[in-house]
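Below are the chains, spelled out letter by letter.
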Amino acid sequence: QVQLMESGGGLVQPGGSLSLSCATSGRVFSIRVMAWYRQAPGKQRELVASLDSGGNANYADSVKGRFTLSRDNAKNTMYLQMNSLKPEDTAVYYCNAVLRPESSSYWSAYWGQGTQVTVSS
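Now for a quick tour of the structure.

Each value, and the rule that gives it
- Residues numbered from 1 in each chain as written.
- Predicted model: local features only at pLDDT ≥ 70, side-chain atom pairs only at ≥ 80, totals over all residues.
- Heavy atoms only, no water.
- Helix = DSSP H or I, 4+ residues; strand = E, 2+ residues; numbered from the N terminus.
- Polar contact = N/O pair within 3.5 Å; in protein donor to acceptor, adjacent residues only side chain to side chain.
- Contact = heavy atoms within 4.5 Å.
- 1 Å grid on protein atoms, 1.4 Å probe; cavity = no way out; pocket = protein on both sides within 12 Å on 5 of 7 lines; lining within 4 Å.
- Points joined across faces, edges and corners; volume = space filled by probe spheres on them.
- Nonpolar A, V, L, I, M, F, W, Y, C, P; charged D, E, K, R; others polar.
- Buried < 20%, exposed > 50% of the residue type's maximum accessible area, 1.4 Å probe, protein only.
- Core = buried A, V, L, I, M, F, W, Y, C linked by side-chain atoms within 4.5 Å.
- Pairing = 2+ DSSP bridges.

So, the side chain of N96
Within the fold, N96 resides in strand β9 (residues 91-101). Within polar-contact distance, the side chain of N96 engages the backbone oxygen of Y110 at 3.3 Å. In contact with N96, other than residues within four places in its own chain, are L4, V33, M34, A35, Y37, A109, Y110 and W111.

In structure tokens:
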């Protein structure tokens, strides 16, 4: 069974940096897209950044120039480097992947359990 496992959240002061990781477990045939979403209290979940299998990255306007997405295809792991963090970046960050398990012929969306990022002095 394929699962996504996030790590790296925590508390950081404004202007600081954090790095998030999202690793896949289980046997994966192929990954089409990996992405990070976030959800702040009382707000809808929003897309932060995405990276497709061709290496094309897209970022929300609010994080452009501050966040960088990368991916280790050999490990099926995705990383989000977050710099110059602001209090408004505080949210639960969720990893998402559209992938095809080896045991299936279908592509499906998978979600991690979420990791808390808090930016506060």
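After that view, the rundown keeps rolling.
Some details on the layout of surface pockets
If you add up the space inside the largest pocket, you get close to 160 Å³. What lines the largest pocket is a set of 13 residues, among which R38, A40, K43, E46 and E88 lie closest to the centre. Here the lining of the largest pocket is built from residues that sort into three nonpolar, three polar and seven charged.

What to know about the environment of T68
Relative to the helices and strands, T68 resides in strand β7 (residues 67-72). On the accessibility criterion, T68 (44% relative accessible area) is partly exposed. As for T68 and M82, which are separated by 14 residues in sequence, their C-alpha atoms are 6.6 Å apart.

Looking at the nonpolar core
W36, V48, F67, L80, M82 and Y93 are the most contacted members of the largest nonpolar core, which totals 29 residues. For this core, the secondary-structure elements that each account for two or more residues are β3 (18-25), β4 (28-39), β5 (46-52), β7, β8 (77-82), β9 and β11 (115-119).

Points about the pairing of β7
Where burial is concerned, the two faces of β7 differ: the one with F67, L69 and R71 is buried and the one with T68, S70 and D72 is not. Where β7 and β8 come together, six bridges link them in antiparallel fashion. Looking at the pairing, S70 lines up with Y79 of β8. Hairpin geometry of β7 and β8 is characterised by an intervening segment of four residues between the two adjacent antiparallel strands and by a positive phi of about 50° at N76.

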